[in-house]
Amino acid sequence: MFGLLTGALVQWRLLRDVYFSMALKLSAFFSVSFLSYLTVVTALVCVLLPSPDWTFASAMLVLLTLPIGIAVMFSWPNLTIGCFTFRFPNLS
Amino acid sequence: MKLCYSKLDLGRYGRDGWCYLRLTSQQCRNLIHRVPPHIMLALGAALLSTTLGGVGPFEFMMLGLLHQLPTSEMLVSIVAFRIVCYAIPALCSPPALIRPFKSGACEFSLAALHLTKSNQAEVQIIAQNGGRILPTLDGLSAIWSTSQTITAVFNPISRSMDATLSALKTKQPQCLCAASLPLVHHVHVR
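Residues numbered from 1 in each chain as written. Chains lettered and ligands numbered in written order. Predicted model: local features only at pLDDT ≥ 70, side-chain atom pairs only at ≥ 80, totals over all residues. Heavy atoms only, no water.

1. Let's talk about the overall build of chain A
Reasoning step 1: Per the secondary structure count, chain A includes 3 helices and 2 strands.
Reasoning step 2: The helix and strand sequence of chain A, counted from the amino end, reads α-α-α-β-β.
Reasoning step 3: Looking at chain A residue by residue over its 92 residues, the buried ones come to 17%.
Reasoning step 4: If you sum the accessible surface of chain A, you get close to 6,800 Å²; carbon and sulfur atoms cover 75% of it. (Helix = DSSP H or I, 4+ residues; strand = E, 2+ residues; numbered from the N terminus. Buried < 20%, exposed > 50% of the residue type's maximum accessible area, 1.4 Å probe, protein only. Areas by Shrake-Rupley, 256 points an atom, 1.4 Å probe, with all protein chains shown as cover.)

Structure representation (C-alpha cells):
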C-alpha cells in the first residue's frame, strides 16, 4: 500500500497533465500487473529449478491457468462487475 | 537501457551476496540453482505483506528457506541487498524530483502550425487542434503531441517520409519532454 501511494505521488509529479486520481489508477494498474508477472515468473522458476515441494502444486496451477487468463484478458478487456467497470487506464 | 540497469542491480546484489556470504566453491555449486526460487518466493511474501520495504517477511522467508546457510552472514548479505536496491536509489531520486522539469525543457520549441501552411484538409484539422510544425531534413511535417508521444499525423506537408521519420527520432528529445515517444499515424503505406 505504501509503494502504491509513493508510486502515485512520483508519477503525479513527473507526468504533466495527469491528475492525482489518474496517477493513482496508473500506480494501482502497475502494481497489479507487476504482481501478476511476478507470480508467473516465480511459478516458472519454482517448476524449473530445485524449490520446496509445497510450491509445485500452486506453481503448476498458475502455469496451467495462464493461457486461460490471457484469453480472458484479450477477449474481455473491460470487466464490469455491478455498477463498476474496470478497464486499462488511458493517458490520452 | 532499463534491462541494463536491472542487470547491473542484480550483478551488484550478486557481488554483495558473494562477498558477505563467503561461500566455498562447493557451496556455490550447490546453491546456484536453489537460491533464485527462494528469492522470488521471499520477494512475493515481502510484496504481499505490505510492510515498508518488505522488512521482516523477506528476511524470515530467506532464513527459513535457506536454513543451511549461516544466519549472521545471511543477514549481512540481505542488508547489503537493501542498501544496493533500496537505500541508494531512494537517496538518489529525491534531488531529481525537486525540479523534474528544468525551465524550458518541456516547453514547445516548435512553431505553431497555421492553416495557411498546407492545402491538405487533414493538416488543417491538425492546425485547428494545436498542431506544430516539425522541420525535417528536406521539408516539413505536421505533428500533434499527447502527454506521452510526439506524433506525425498523415503524410508530410512537403518532401519525404524518410526525412520525417529521421526528424522524429533525432529531434523529439529537444522538442518535448524526455518521456515522449516518436510515433507515425495514419500515413500513406509507402
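2. Remarks on the nonpolar core
Reasoning step 1: With 17 residues, the main nonpolar core has F58(B), M62(B), L66(B) and M74(B) as its most contacted residues.
Reasoning step 2: Broken down by secondary-structure element, the contributors of at least two residues to this core are α2 (20-48) of chain A together with α3 (35-49), α4 (57-65) and α5 (71-98) of chain B.
Reasoning step 3: With near-sequence residues (within four places) excluded, F58(B) lies in contact with I39(B), A42(B), L43(B), A46(B), I78(B), F81(B) and R82(B). (Core = buried A, V, L, I, M, F, W, Y, C linked by side-chain atoms within 4.5 Å. Contact = heavy atoms within 4.5 Å.)

3. Comments concerning the side chain of T42(A)
Reasoning step 1: Mapping T42(A) onto the fold places it in helix α2.
Reasoning step 2: On the basis of relative accessibility, which here comes to 10%, the residue T42(A) falls in the buried class.
Reasoning step 3: The residues touching T42(A), leaving out its near neighbours within four places in the chain, are M40(B) and L41(B).

4. So, the pattern of salt bridges
Residue and element names in this part refer to chain B.
Reasoning step 1: Considering all chains together, one arrives at 1 salt bridge over all chains under this definition.
Reasoning step 2: The residue R82 makes a salt bridge to E59 at a minimum N-O spacing of 2.9 Å. Pair noted here: R82 is in helix α5 and E59 is in helix α4, with a separation of 23 residues, a long-range link. Each of the two residues, R82 as well as E59, counts as buried. (Salt bridge = Lys/Arg side-chain N within 4 Å of Asp/Glu carboxyl O.)

5. Quick look at the side chain of H38(B)
Reasoning step 1: In this structure, H38(B) sits in helix α3.
Reasoning step 2: Those residues in contact with H38(B), other than ones at most four positions away along the chain, are P52(A), M62(B), L65(B) and L66(B).

6. Structural notes on the packing of aromatic side chains
Centre distance and the angle of the planes are the two values used to describe a pair of aromatic rings.
Reasoning step 1: Applying the stated criterion to the full structure yields 2 aromatic pairs over all chains.
Reasoning step 2: When the ring of W12(A) is compared with that of F20(A), the centres are 5.2 Å apart and the planes differ by 70°; the resulting orientation is edge-to-face.
Reasoning step 3: The positively charged end of R82(B) is found above the aromatic ring belonging to Y86(B), 5.5 Å away from the centroid. (Phe/Tyr/Trp six-rings, centres within 6.5 Å; stacked < 30°, edge-to-face > 60°. Lys NZ or Arg CZ within 6 Å of the ring centre and 35° of its normal.)

7. As for helix α6 (residues 121-128) of chain B
Residue and element names in this part refer to chain B.
Reasoning step 1: Where α6 is concerned, the buried positions are V123, I126 and A127. Each buried residue of α6 sits inside an arc of 100° when the element is viewed along its axis, so together they form one side. Of the exposed residues in α6, the ones pointing more than 90 degrees away from its buried face are A121, I125 and Q128.
Reasoning step 2: Looking one or two places after α6, you find G130, whose phi comes out positive at around 80°. (Arc of directions from axis to C-beta.)

8. A look at the packing of α4(B) against α5(B)
To describe two helices that pack against each other, one gives the angle between their axes and the distance between the axes.
Residues and elements named next belong to chain B.
Reasoning step 1: Two numbers describe how α4 lies on α5: the axes approach to 11 Å, and their chain directions differ by 140°. Judged on the interaxial angle alone, α5 and α4 are oblique. Crossing handedness for the pair α4 and α5: right-handed. Mapping the contact onto sequence places F58, E59, M62 and L63 in α4 and T71, M74, L75, I78, F81 and R82 in α5.
Reasoning step 2: Class assignment of the residues belonging to the contact of α4 with α5 gives a composition of 7 nonpolar, 1 polar and 2 charged. (Axes fitted to C-alpha atoms, helices over the stretch in contact; angles between N-to-C directions. Parallel < 35°, antiparallel > 145°, perpendicular 65-115°, else oblique. Left-handed = near helix turned anticlockwise from the far one by under 90°. Nonpolar A, V, L, I, M, F, W, Y, C, P; charged D, E, K, R; others polar.)

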